[in-house]
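What follows is the residue order along each chain.
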Amino acid sequence: MFFLELSDSRFVLDDKIDIALYYLRKKECYHPRNHPFRCTTTDILFYNYMVLVYKDFSEDATDDFWCAGDNQLFLTPYVWGDSRRCGIAWTEVDKIFFPCRLPSEDDNAVTHFLLGVLDLNQKKIDVYDSIYSEPHEAGMNHMEMYARMIPHLLKFSQFDKHHKSFGNAFNKFDIQWQRSPHQTGSTDCGAFLIKYVELLMIGKDVEKFQPEEIKDFRKELAANLWAHGKWKRNSRYDTPPENVGDDYESENETCCPKEL
């Protein structure tokens with residue numbers, strides 16, 4: 001059912017987005033020469049943590065806020081690459097791709113996904129939305145959450161002492177809505193988000209992608225994940241951790257196939 005729903009545009013991807021983002025991070029690790037910058041992603045769980053912590057956040061938040069309760073345990077592991085779900089430290093990258101899940105005002109079961117790209121060097125967030133060409137209230141509210149709270153999280157983490165070009169300014173990030181192809185079906189927002197990430201990771205223009213190609217993309221993604229999973233099981237290949245510096249391109253017999 002997982003692969004059927006992933007390949008079929010009648011289904012919303014939802015929890016499958018995290019698996020697809022993991023797959024794209026692995027492609028970046030194995031083939032760094034194909035990527036013009038170092039990057040990582042967060043996941044839907046990180047988004048859920050952000051929403052939870054943001055309820056009590058204010059611009060005057062001190063270190064006590066981040067140390068209170070589970071606030072530090074929720075978010076700082078992502079910054080330092082200690083999360084079991086996203087193991088690349090933000091100190092080692094230029095950009096972070098993060099999915100946002102926007103619940104409907106009328107039905108919490110109905111969602112819309114959009115993509116935020118945090119540029120640590122430019123201190124801005126680029127937004128890619130498969131429905132709206134311009135900023136809209138629900139989308140901006142969620143992006144404001146990242147633009148306001150992430151600088152405070154980085155300051156608490158003493159991020160400036162470990163990132164090569166971030167500097168010591170922890171002001172609110174700028175938000176810039178970017179042009180992107182729009183979905184025609186009602187259930188493809190998650191697939192568009194994944195396609196945006198795939199293209200942006202290798203420095204491609206998302207506007208070169210045609211919306212009618214999304215059905216083929218979903219089938220191709222499902223087929224690639226199926227083939228890779230089958231190969232891993234049959235070869236007993238053990239995927240290395242995501243930490244920067246791992247030798248993903250070694251040519252030993254257990255090296256991941258280039259099809260990834």
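Reference entry: report on the structure contained in this document. (Residues numbered from 1 in each chain as written. Predicted model: local features only at pLDDT ≥ 70, side-chain atom pairs only at ≥ 80, totals over all residues. Heavy atoms only, no water.)

What to know about the sheet that holds strand β2 (residues 95-103)
Two pairing modes exist for strands in a sheet, parallel and antiparallel, and in both the strands are linked by backbone hydrogen bonds. Quick note on the threshold: DSSP calls a pair of strands paired once it identifies at least 2 bridges connecting them. Numbering of helices and strands runs from the N terminus; a helix is a DSSP stretch of H or I covering at least four residues, while a strand is a stretch of E covering at least two. For every element, the axis is a line fit to its C-alpha atoms; helices are fit only across the contacting stretch, and the angle between N-to-C directions ranges from 0 to 180 degrees.
Here we have five strands laid out as an open sheet, ordered β1-β2-β3-β4-β5, and mixed in their pairing. A single partner strand is all that each edge strand has here, and the edge strands are β1 (39-41) and β5 (174-177). Strand-to-strand twist across the sheet, computed as the mean angle between neighbouring axes with direction ignored, equals 25°. Examined bridge by bridge, β1 and β2 share three bridges and lie parallel to one another.

Some remarks on helix α3 (residues 44-54)
Definition in use: When accessible area is computed with a 1.4 Å probe and restricted to protein chains, residues below 20% of their type maximum are described as buried, those above 50% as exposed, and intermediate ones as partly exposed. Pairs of residues are marked as contacts when any of their non-hydrogen atoms sit within 4.5 Å. As used in this structure description, the phrase polar contact means that two N or O atoms lie within 3.5 Å; if the pair is within protein, one of them must be able to donate a hydrogen and the other to accept it, and residues adjacent in sequence are counted only when both atoms belong to side chains.
Here α3 has its buried residues at Ile44, Phe46, Tyr47, Met50 and Val53. Where the residues of α3 are buried, they touch α2 (16-30), α4 (63-67), α5 (71-79), β2, β3 (111-119) and α6 (137-156). Sitting at the head of α3, Asp43 places a side-chain oxygen 3.3 Å from the backbone nitrogen of Leu45.

Describing the pattern of salt bridges
Between side chains of opposite charge, a pair can form when the charged atoms approach closely. Our working rule: Definition used for salt bridges: Asp or Glu carboxyl oxygen within 4 Å of a side-chain nitrogen of Lys or Arg.
For the coordinates displayed, the defined rule picks out twelve salt bridges. Between Arg85 and Asp43 there is a salt bridge, with the nearest N and O atoms lying 2.7 Å from each other. Pair noted here: Arg85 is in the loop between α5 and β2 and Asp43 is in the loop between β1 and α3, with a separation of 42 residues, a long-range link. On the accessibility criterion, Arg85 (38% relative accessible area) is partly exposed.

Focus on a negative patch on the surface
Threshold: Patch membership needs two things, relative accessible area over 30% and no salt bridge, and members are linked within 9 Å if like-charged or within 5 Å if nonpolar (Val, Leu, Ile, Met, Phe, Trp, Tyr). Surface accessibility in these figures is a Shrake-Rupley result with a 1.4 Å probe; residues are shielded only by whichever protein chains are displayed. For this count, His and the chain ends are skipped, Lys and Arg are scored as positive, and Asp and Glu as negative. The atoms used to mark charge sites are NZ of Lys, CZ of Arg, CG of Asp and CD of Glu.
There is a patch of like negative charges on the surface, built from Glu212, Glu213, Asp216 and Glu220. Inspection of the secondary structure puts Asp216 in helix α8 (residues 214-235).

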